[in-house]
Amino acid sequence: MMSATGDQIQFSPERDCKPLKVIGAASHWSCCQWDLQTWVDKLNGTLFTFRLHPNNPADDSVAWENESAAKYELSLHQFIEWRSGNIPSTSDNPLKNVPQNEFWAYSSYNHLAKIKSPPSELSSCLKWSDLGFGNKLGDASNSTLWIGTKKASTPCHFDTYAYNLVVQIRGKKKWTLFPPQDTPNLYPTRIPYEESSVFSEVNFEGINPVKFPLVSRTTPYIVILEPGDVLYVPSHWWHWVQCVDDDDSTMCVSINQWIPMASDKMDSIGEALVSLLTSHLFPAHQPPDENWLNDPNYPMLSPQTSLQLIRQLFEKISTSDQTEDLSNNLSITRMPSSAEYIEPVSQQNLSWRPWDWSVPSSSLDNRASVIPEKEIINAILKPNVISEILKNLLR
C-alpha cells in the first residue's frame, strides 16, 4: 500500500510509472449494483456492435478484430438472451442460430459521446470526481464502455497516447501488464494497423514458445479487477485484458477514460509518421485476400494529408512551451492513500511457465531464406524505427 499522510497523496504520471489498483473505489456507483435486467432496462434502445470469436480456435494466432467470425448489432436484451441460451424460437434475435457455448463476444471502444442513443442513466452515475483521484477527471462524455462474455479479450498492446484509468463495473477482468522496457520481447507489430495502438504478435491465450521465445524474458504484472475496483495504467504499458467470469451467462462490463499527457505531442508525430508509411506501403503491398487494418472501416489518411499533419504538429511543438501548464486539462491530481502498487508476478505463478520452456536451439536459427513482404514492412513500422526517425527529424 502506498504511504501517505491524510486520505490522498500527490500524483504525477511522469513519476508514478507503475500500475496501481484501488479496491472498491467505485463501489458506490449505482451501476456497480445493477442486475442484468436493470442493465437491459437502463440501456433499452441502445445498440452495440459485438464481434464473435471461437472459444476453441484452430490455431494459436491472435484473435484480431478484423478476423472475427462475425459481427452483430445487438441490444443488451438480445445479447443477454443469447448468453442465457433462452432465445424463443419465434425471436428475431440475430444470434438465434449461433451456439452460445462455442463463441465469446465483445463490444469494445463504445465511446459514450458517440453512441447514437446514449444511455443517460448510465452516464449520470459515472462520478469520476468521487473516486479520490482529484477533480480534474472527465465525465461520461470522456468515457468508453466495454461489454463482453467470459474469455472475451483485447489483444496485447500498448496505447501510444495518454494514460488509462479503468473502473470494473460488472464481472471480473484479468489484466496482464508489461512495462515499456519489455517491448523488444513482446514482438511488437503495426500489422494489423490501428492508429494509437501497437500490438503484440503473441497470443497470450496460448503462447507458442518456439515462435516467441523472448516472452520468457518479460516481467508481467497481473491483477484481477472485481466490481468497483479501479486500475491506473501508466503511459506506454503493455496490457492483455480478458474477461474471466465464472458464470457463462454473466456479462462483464468496464468503463475507462484515457487521460492526456504533455508527451502526447511528440507521440502524435510518431503516429503521423506511421500513418505516412502505411498510406504508402499498404495499398501497394497488401495481398487481396488479407486486411492489414484492424478496423476495415477505419479511413486511412492519404500520404499528402499525413505529411501535412507532420508539418503542423512540428510547428505546434516548436511554437509552444514544452513545460506548459496542463492544469486546465484532464488529469489525475491525487491518488487515494488506499491505492496499491501492482507487483511483478513471480515465475512460479505464471500460467505460461516461460522458465521451463523447452525451445530447440535449432528453431532460433531456422529462419526462412525468403522474407515475406509483410515482415519487411512490419520491420519498417517497428516502434524503435519510428523513434529513430523522430530523433533524426528533431535534429
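Residues numbered from 1 in each chain as written. Predicted model: local features only at pLDDT ≥ 70, side-chain atom pairs only at ≥ 80, totals over all residues. Heavy atoms only, no water.

A. Layout of the side chain of Asp 267. If you trace the backbone, Asp 267 turns up in helix α4 (residues 264–285). Of the side chains with opposite charge, Arg 190 comes closest to the buried, unpaired Asp 267, at an N-O distance of 9.7 Å. In terms of polar contacts, Asp 267 uses its side chain to reach the side chain of His 236, at 3.2 Å. Apart from the residues within four sequence positions on either side, Asp 267 is in contact with Thr 160, Tyr 161 and His 236. (Helix = DSSP H or I, 4+ residues; strand = E, 2+ residues; numbered from the N terminus. Buried < 20%, exposed > 50% of the residue type's maximum accessible area, 1.4 Å probe, protein only. Lys, Arg positive; Asp, Glu negative; His and termini not counted. Salt bridge = Lys/Arg side-chain N within 4 Å of Asp/Glu carboxyl O. Polar contact = N/O pair within 3.5 Å; in protein donor to acceptor, adjacent residues only side chain to side chain. Contact = heavy atoms within 4.5 Å.)

B. Focus on the sheet that holds strand β8 (residues 163–170). Reading across the sheet, the 9 strands line up as β4-β3-β5-β6-β15-β8-β13-β2-β17 and stay open at both edges, with antiparallel pairing between neighbours. Each end of this open sheet is capped by a strand with a single partner; those strands are β4 (70–75) and β17 (340–341). Here strand β2 (residues 20–22) runs beside β17; their pairing, made up of 2 bridges, is antiparallel. Residue pairing for β17: Leu 20 is matched across the bridge by Tyr 341. (Pairing = 2+ DSSP bridges.)

C. Up close: the environment of Pro 94. In this structure, Pro 94 sits in the loop between α2 (76–84) and β5 (103–111). Among the residues examined, Pro 94 registers a relative accessible area of 38% and is labelled partly exposed. As for Pro 94 and Glu 73, which are separated by 21 residues in sequence, their C-alpha atoms are 8.3 Å apart.

D. Representation of the packing of aromatic side chains in the model. For the structure shown, the criterion picks out 16 aromatic pairs. Judged by centre distance (5.5 Å) and plane angle (80°), the ring pair of Trp 29 and Trp 128 falls under edge-to-face. With Trp 29 in the loop between β2 and α1 (36–42) and Trp 128 in the loop between α3 (120–124) and β6 (144–148), the pair connects residues that are 99 residues apart, well separated along the chain. The same class applies to Trp 29 and to Trp 128, which are both buried. Ring centres of Phe 50 and Phe 79 lie 4.3 Å apart, and the angle between their planes is 10°; this geometry places the pair in the stacked category. Remark: Phe 79 occurs in helix α2 and Phe 50 occurs in strand β3 (residues 47–54); sequence separation between them is 29 residues. Members of the aromatic cluster, each reached through a chain of ring pairs, are Tyr 106, Tyr 109, Trp 146 and Trp 258. Lying across the ring of Tyr 341, Lys 18 places its NZ or CZ 5.3 Å from the centre. If you follow Arg 83 out to its NZ or CZ, it ends over the ring of Trp 82, 5.4 Å from the centre. (Phe/Tyr/Trp six-rings, centres within 6.5 Å; stacked < 30°, edge-to-face > 60°. Lys NZ or Arg CZ within 6 Å of the ring centre and 35° of its normal.)

E. Structural context of the packing of α4 against helix α7 (residues 373–380). Here α4 crosses α7 at 180°, and the two axes come no closer than 11 Å. As judged from the angle between their axes, α4 and α7 are roughly antiparallel. Contacts from Leu 277, Leu 281, Phe 282 and His 285 in α4 reach Glu 373, Ile 377 and Ile 380 in α7. Residue composition of the contact of α4 with α7, grouped by class: 5 nonpolar, 1 polar and 1 charged. (Axes fitted to C-alpha atoms, helices over the stretch in contact; angles between N-to-C directions. Parallel < 35°, antiparallel > 145°, perpendicular 65-115°, else oblique. Nonpolar A, V, L, I, M, F, W, Y, C, P; charged D, E, K, R; others polar.)

F. Here's a closer look at the nonpolar core. With 52 residues, the main nonpolar core has Trp 29, Trp 39, Phe 79, Leu 122, Leu 126 and Ile 332 as its most contacted residues. For Ile 332, the residues in contact, after removing those within four places along its chain, are Phe 11, Phe 133, Leu 137, Tyr 163, Leu 165, Tyr 232 and Ile 259. Among the nonpolar cores identified, the runner-up in size contains 18 residues, and Leu 273, Phe 282, Ile 317 and Leu 381 belong to it. (Core = buried A, V, L, I, M, F, W, Y, C linked by side-chain atoms within 4.5 Å.)

G. Structural context of the packing of α4 against helix α8 (residues 383–394). Relative to each other, α4 and α8 sit at 110°, their axes nearing to 10 Å. The angle between the axes of α4 and α8 places the two elements in the roughly perpendicular class. The handedness of the crossing between α4 and α8 is right-handed. Contacts between α4 and α8 involve Met 266, Ile 269, Gly 270, Leu 273, Val 274 and Leu 277 from the former and Ile 386, Ile 389, Leu 390, Leu 393 and Leu 394 from the latter. (Left-handed = near helix turned anticlockwise from the far one by under 90°.)

H. Highlighting the sheet that holds strand β12 (residues 221–225). Across the sheet, 6 strands lie side by side as β10-β11-β7-β14-β9-β12; this open sheet has antiparallel pairing. One side of each edge strand has no neighbouring strand; the edge strands of this open sheet are β10 (188–194) and β12. On average, each strand axis in the sheet is tilted by 35° relative to the strand beside it, whichever way the strands run. Across 3 bridges, the pairing between β10 and strand β11 (residues 197–200) is antiparallel. Counterpart to Pro 188 in the pairing with β11 is Ser 200.

I. Examining unusual backbone geometry more closely. Going from Ile 191 to Pro 192, the amide bond is cis rather than trans, its omega being 5°. The residue Pro 192 is located in strand β10 in this model. Positioned with a positive phi, His 236 is a non-glycine residue whose angle comes to about 65°. For His 236, the position within the fold is in the loop between β13 (230–233) and β14 (238–243).

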